[in-house]
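Letter by letter, the chains look like this.
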Amino acid sequence: MSEAAKSVETPAVQVLEDLPYDEALRCVQCGYCLPACPTYRTMEKETHSPRGRINLVRMLAEGRTDWKVVEEPIDLCLGCRACEEACPVGVPYGQILEETRHYLRERKMKENPGKGDRALAWLLRNVWPEPDRLQAAGDFVWMYQRMGPVGRWGASWPIWAEGMRAFAPVLPKVDGPRTRRRAPKVYRPVDKDAKPVGTAMLFRGCIMDVLFQHLNRLSGEVAAKFGWKVVVPDEQRCCGALHAHAGDLDGAKELAKRNIAAFEASGAEVILHNAGGCGAMLTEYPRLLADDPEWADRAAKFAAKVKDISELAVQAPDSAFVREVPLRVTYQPSCHLRNVEGVKNEPVEVLRRIPGVEYVEMEEMDRCCGSAGIYNAVHYEESMAVLDEKMEKAIRTGTDWVVTSNPGCLLQMRLGVRRSGSAAEGGPKEAIHLVELLAWACGVEEVGGAGGKV
């Protein structure tokens, strides 16, 4: 290089090492992600698109903007990861999002945490990882549902945000304390003389194990109908997805290690789940623990065994489906099940296998419904804008039911039915989890939307 060239050479940029700068540099700002991003479509702001957020991360790392400028766009991201599916150069947006949220959380907790920030941090570290405490929270919901309308209003008004109050009417009927605490630990194949297809560890989750325990029970019974022995180890914990989404990566790593150890001790060949958000997090343990020499290989072996209930159902013998299910349905995928775990076709194949079911594909079914963990509770208005757009597509299908594969999506779509009045307009009358349809078809239980009879 000539002396003249050296004199005009741009000095190396000093960047913050705590941010995913190298990953952000992979974005070429082409814009293919824009049509896939729900928040860009509803908010119509470049800063609320994937490429806009990535550019803000680069600017923050280079010291060209303040973290407070970046906080809102990052916080308002649904994390649906649809942009990764659309990206032609494979930008790891999920990694960028989580590591940036971790950085922002650390800065905020040091400088100016609000009451909500401190409360969420306490809940994530002291309630979500502890099944006994979660069950105690479930007892409160159970009691709340047994109150009259005046009592429910009085119990919810002082402490619940608008989003949380809105979801109270669409919560499933929670099982009583004794039923939840005496859930089966083992489900055995119906044919006791036949050798099991294999042994699966049922990942029960946190919210699933409290509000949707009937879905866990049905999952175990359905898998047993398919010939599997299913075990439910007590040692397992929350998957860590809520921690990672909130920027608490250290908490997510600790939970990952506990779940890997629980699976190894179970002797199972498969980790079976019925929640797309949990399944996606379980498959991302290798990335989460990549820098930990003791756990990296164990995480990779763990993730390779993770399967959604639909993946077992597509391989089940036809003889497992003993009853017709006379419903016209459409399917709303879990974004994380589809975009992260890569389970795209299996749920639809299962719907087409169930006798009596008429499946109608929803326009843009791969678009997020706006649930996104606790996003719909903490960013209610933004979530509803995404949901209203989704319900327009659902109503056009002319179907009776919306089938989902994640508890958050189930509640969101149930709320969507209520908000849109679609049941009265000839649109979907209710939302139902795929496991409930499978239970009906397999002769386990004739069920309907989130535990109610059809």
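Numbering of residues begins from 1 in every chain and follows the order in which that chain's sequence is written. Confidence filtering applies because this is a predicted model: local features only for residues at pLDDT of at least 70, side-chain atom pairs given and counted only at 80 or more, and all residues used for totals across whole chains, interfaces and linings. The side-chain quantities take in all heavy atoms of the structure and omit both hydrogens and water.

1. Concerning the packing of helix α14 (residues 213-225) against helix α26 (residues 434-441)
Part 1: The contact between α14 and α26 brings their axes to 9 Å, and the two run at 45°. If you check the angle between α14 and α26, you find them oblique. The chirality of how α14 crosses α26 is left-handed. Judged by residue contacts, H214, L215, L218, S219 and V222 of α14 engage V435, E436, L438 and A439 from α26.
Part 2: A per-class count over the contact of α14 with α26 returns six nonpolar, two polar and one charged. To define axes, lines are fitted to C-alpha atoms, for helices over the stretch in contact only, and angles between the resulting N-to-C directions are given on a 0 to 180 degree scale. Helical segments are the DSSP runs of H or I of at least four residues, strand segments are the runs of E of at least two, and each set is numbered from the N terminus. An angle counts as roughly parallel when it lies under 35 degrees, as roughly antiparallel when it exceeds 145, as roughly perpendicular when it falls between 65 and 115, and as oblique in every other case. Two helices crossing with the near one rotated counterclockwise from the far one by less than a right angle form a left-handed crossing, whereas a clockwise rotation gives a right-handed crossing. Contacts: residue pairs with any heavy atoms within 4.5 Å of one another. The nonpolar class holds Ala, Val, Leu, Ile, Met, Phe, Trp, Tyr, Cys and Pro. Asp, Glu, Lys and Arg form the charged class, and all remaining residues, Gly among them, are polar.

2. Here's the deal with the sheet that holds strand β8 (residues 401-404)
Part 1: Two strands qualify as a pair provided DSSP detects at least 2 bridges between them. Here we have four strands laid out as an open sheet, ordered β7-β6-β8-β9, and parallel in their pairing. Looking along the sheet, the strands with just one partner apiece sit at the ends: β7 (358-359) and β9 (430-433).
Part 2: Pairing of strand β6 (residues 328-332) with β8 involves four bridges; the strand directions are parallel. Across the sheet, T330 pairs through a bridge with V402, a residue of β8.

3. With respect to helix α7 (residues 93-111)
Part 1: Here α7 contains 19 residues, and its C-alpha end-to-end distance of 27 Å stays within 8% of the 27 Å for a straight helix at 1.5 Å per residue.
Part 2: Taken together, the buried positions of α7 are Y93, G94, Q95, I96, L97, E98, T100, R101, H102, Y103, L104 and R105. Multiplying one less than the number of residues by 1.5 Å gives the expected span of a helix. Relative accessibility under 20% of the residue-type maximum defines a buried residue, over 50% an exposed one, and the middle range a partly exposed one, all with a 1.4 Å probe and only protein chains included.

4. Section: the sheet that holds strand β2 (residues 199-202)
Part 1: Spatial strand order, β1-β3-β2-β4-β5: five strands in an open sheet with mixed pairing. The sheet is open, and its two edges are formed by β1 (186-187) and β5 (306-308), each paired on a single side.
Part 2: Bridging between strand β4 (residues 270-273) and β5 involves three bridges; their strand directions are parallel. Opposite I271, over in β5, you have V306 as the bridge partner.

5. Brief notes about the confidence of the model for the protein
Part 1: On average, residues of the protein score 91 in pLDDT, and 92% of them reach the 70 mark or higher.
Part 2: Within a predicted model, pLDDT stands for the predictor's per-residue confidence, ranging from 0 to 100. Low pLDDT, under 50, characterises residues 1-11; the predicted model gives this stretch two contacts beyond four residues in sequence or across chains.
Part 3: The low-confidence segment residues 449-454 (pLDDT under 50) makes 23 contacts with residues lying over four places distant or belonging to another chain.

6. What about the state of the cysteines?
Part 1: We call a pair of cysteine sulfur atoms a disulfide whenever their separation is within 2.5 Å. For the structure on display, the rule yields zero disulfides.
Part 2: Residue C33 stays outside any disulfide, its sulfur separated by 6.3 Å from that of C83, the closest cysteine.
Part 3: Exposure remark for C33: the relative accessible area of 10% places this residue in the buried category.

7. Some details on the domain arrangement of the protein
Part 1: Entries for the protein in the domain assignment read domain 1 (11-112), domain 2 (177-313) and domain 3 (317-442).
Part 2: A straight line from the C-alpha centre of domain 1 to that of domain 3 covers 29 Å.
Part 3: Contacts between the two partners involve 16 residues from domain 1 and, on the opposite side, 16 residues from domain 3.
Part 4: Buried area counts how much accessible surface, traced with a 1.4 Å probe, disappears from two parts once they are put together, with both parts' losses summed. Together, the buried faces of domain 1 and domain 3 total about 1400 Å²; carbon and sulfur atoms form 55% of this surface.
Part 5: Looking only at domain 1, the three residues that lose the most surface to domain 3 are R41, L78 and E85, adding up to 39% of its buried area.
Part 6: Every case where a carboxyl oxygen of Asp or Glu lies within 4 Å of a side-chain nitrogen of Lys or Arg is listed as a salt bridge. Taken together, the connections running from domain 1 to domain 3 amount to three salt bridges.
Part 7: For R41, the salt bridge is made with E389, and the minimal N-O distance between the two is 3.0 Å.
Part 8: Definition of a polar contact: a pair of N or O atoms within 3.5 Å, with one able to donate and the other able to accept a hydrogen when the atoms are protein atoms, and with sequence-neighbouring residues admitted only if both atoms are side-chain atoms. Taken together, the links from domain 1 to domain 3 amount to eight residue pairs in polar contact (both at pLDDT 80 or more).
Part 9: Of all the elements in the fold, those that place two or more residues in the side of domain 1 that touches domain 3 are α3 (38-43) and α6 (82-86).
Part 10: Ranked by residue count, the leading element in the side of domain 1 that touches domain 3 is α3, at five residues.
Part 11: Looking at side-chain class alone, the side of domain 1 that touches domain 3 contains nine nonpolar, three polar and four charged residues. An automatic or database domain assignment supplies the residue ranges for each domain.

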